[in-house]
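Listed below, chain by chain, are the residues.
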Amino acid sequence: MKKYITNAVIFDLDGTVADTLDDLKNSVNYAVGLLGVEPYDRPTVQSFIGSGAANLIRRALPAGTDEATAERILKEFRAHYMAHVMDLTCAYPGVTEMLSDLKARGFKLAITSNKPDAGTKAIADALFPGIFDYVAGEKPDVPRKPAPDMVRLALRALGEESAVYVGDSDVDVLTAKNAGLDCICVTWGYRSVEELKAAGGEVFVSTGAELSAMVEKRA
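Residues numbered from 1 in each chain as written. Predicted model: local features only at pLDDT ≥ 70, side-chain atom pairs only at ≥ 80, totals over all residues. Heavy atoms only, no water.

Considering the nonpolar core
Alright, step 1. Phe11, Val17, Phe77, Leu99, Leu109, Phe132 and Ile184 are the most contacted members of the largest nonpolar core, which totals 52 residues.
Alright, step 2. Each residue touching Phe77, except ones within four places of it in the same chain, is listed here: Leu24, Ser27, Val28, Ala31, Ala53, Leu56 and Ile57.
Alright, step 3. If you look at the next biggest cluster of nonpolar residues, it comprises 18 residues, including Ala110, Val173, Leu181 and Leu196. (Core = buried A, V, L, I, M, F, W, Y, C linked by side-chain atoms within 4.5 Å. Buried < 20%, exposed > 50% of the residue type's maximum accessible area, 1.4 Å probe, protein only. Contact = heavy atoms within 4.5 Å.)

Quick look at the structure:
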């Protein structure tokens, strides 16, 4: 097993440390349902996730939906989601133990997500209180992943020049590459191993314990 020597680990949120899919699905279906769109099933909404709320809603709307309508439905989605952000969302099995182990071993931990900032922080606070040293989601003035800006801000906040990046999607693989970081892909998230490999993913873990064993604290 390859070992990564680092002081910090940066995580994606959705599909990596938290299973947010059911709450996202319910809020997407509520919002697009205002236009009479038939409800989407879980796998379909899963395929929409990864590039921020605006793109999530765009993918769920009928082709040709005008911009004003899309903006209105996005606002409806955001409001509904924030009211229901923790209805069904939960940590993946073994993730809380993995994060607690890394924290106890002295690693600095961060989350960077394309989910809106308020929702990202609400989930991190609810599921992992006191675990993360830095948490940030999508903000208007920061380019979304796979741009490296979110990761660079996290590194600055942690006081580190580098970290290992952990994610579950093609966006995460590209984010790590653009930021010049090693990437560990989890296999329990929203994209298949085949999709991750196609994006350039090379290192895969199937349990939190396996991930924790792959990183060692820099002396």
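Focus: the pattern of salt bridges
Alright, step 1. The full count for this structure, using the stated rule, is 13 salt bridges.
Alright, step 2. A salt bridge links Glu67 to Arg58, with the nearest nitrogen and oxygen atoms 2.5 Å apart.
Alright, step 3. On the basis of relative accessible area, Glu67 is assigned to the partly exposed category, the value being 46%.
Alright, step 4. The partly exposed category is assigned to Arg58, whose relative accessible area is 34%.
Alright, step 5. Notably, a salt bridge pairs Asp101 with Arg105, separated by 2.9 Å at the nearest N-O pair.
Alright, step 6. Among the residues examined, Arg105 registers a relative accessible area of 33% and is labelled partly exposed.
Alright, step 7. Among the charged side chains, a salt-bridge network with shared partners connects Asp12, Lys145 and Asp172. (Salt bridge = Lys/Arg side-chain N within 4 Å of Asp/Glu carboxyl O.)

Here we look at the sheet that holds strand E6 (residues 134–138)
Two strands in a sheet stick together by hydrogen bonds in their backbones, pointing the same way (parallel) or opposite ways (antiparallel).
Alright, step 1. Here we have six strands laid out as an open sheet, ordered E6-E5-E2-E7-E8-E9, and parallel in their pairing. Either end of the sheet is taken by a strand with one partner, and the two such strands are E6 and strand E9 (204–205).
Alright, step 2. Bridge count between strand E8 (residues 182–186) and E9: two bridges; the pairing is parallel. By the bridge assignment, Cys185 is partnered in E9 with Phe204.
Alright, step 3. Each of strand E2 (8–11) and strand E5 (108–116) is contacted by helix H5 (residues 95–104), which is oriented at about 155° to E2, the strand it contacts most. (Pairing = 2+ DSSP bridges. Helix = DSSP H or I, 4+ residues; strand = E, 2+ residues; numbered from the N terminus. Axes fitted to C-alpha atoms, helices over the stretch in contact; angles between N-to-C directions.)

So, the side chain of Ser169
Alright, step 1. Along the chain, Ser169 turns up in the loop between strand E7 (164–167) and helix H8 (170–179).
Alright, step 2. Apart from the residues lying within four places of it in its own chain, the contact partners of Ser169 are Arg191 and Leu196.

Structural notes on empty space enclosed by the protein
Alright, step 1. Scanning the model with the defined rule gives one cavity of 30 Å³ or more in all.
Alright, step 2. Estimated volume of the largest cavity: approximately 260 Å³.
Alright, step 3. Lining the largest cavity we find 23 residues, and of these Asp14, Ile49, Gly50, Asn114 and Lys115 sit closest to its centre.
Alright, step 4. Those elements that place two or more of their residues in the lining of the largest cavity are helix H3 (53–60), helix H4 (67–83), E5 and H8. (1 Å grid on protein atoms, 1.4 Å probe; cavity = no way out; pocket = protein on both sides within 12 Å on 5 of 7 lines; lining within 4 Å. Points joined across faces, edges and corners; volume = space filled by probe spheres on them.)

Observations regarding the layout of surface pockets
Alright, step 1. Of the volumes computed, that of the largest pocket is approximately 210 Å³.
Alright, step 2. Of all the elements in the fold, those that place two or more residues in the lining of the largest pocket are H8 and E8.
Alright, step 3. Taken together, the residues that form the lining of the largest pocket break down as eight nonpolar, two polar and four charged. (Nonpolar A, V, L, I, M, F, W, Y, C, P; charged D, E, K, R; others polar.)

Observations regarding the packing of aromatic side chains
Alright, step 1. Under the criterion given, the structure shown has five aromatic pairs.
Alright, step 2. Measuring from ring centre to ring centre gives 6.1 Å for Phe11 and Phe132, while their planes differ by 80°; the resulting arrangement is edge-to-face. Placement of the pair is Phe11 in strand E2 and Phe132 in the loop between helix H6 (117–127) and E6, with a sequence separation of 121 residues.
Alright, step 3. Phe11 gets classed as buried once you look at its relative accessible area, which sits at 0%.
Alright, step 4. Using a relative accessible area of 13% as the deciding quantity, one classes Phe132 as buried.
Alright, step 5. Considering the side-chain rings of Phe77 and Tyr81, the 5.7 Å spacing of their centres and the 5° angle between planes classify their relative orientation as stacked. Taken together, the residues Phe77 and Tyr81, both in helix H4 and four residues apart, mark about one turn of the helix.
Alright, step 6. On the basis of relative accessible area, Phe77 is assigned to the buried category, the value being 2%.
Alright, step 7. According to the relative accessible area criterion, Tyr81 is buried, its value standing at 4%.
Alright, step 8. Here the aromatic cluster, defined as three or more aromatic residues joined through ring pairs, consists of Phe11, Phe128 and Phe132. (Phe/Tyr/Trp six-rings, centres within 6.5 Å; stacked < 30°, edge-to-face > 60°.)

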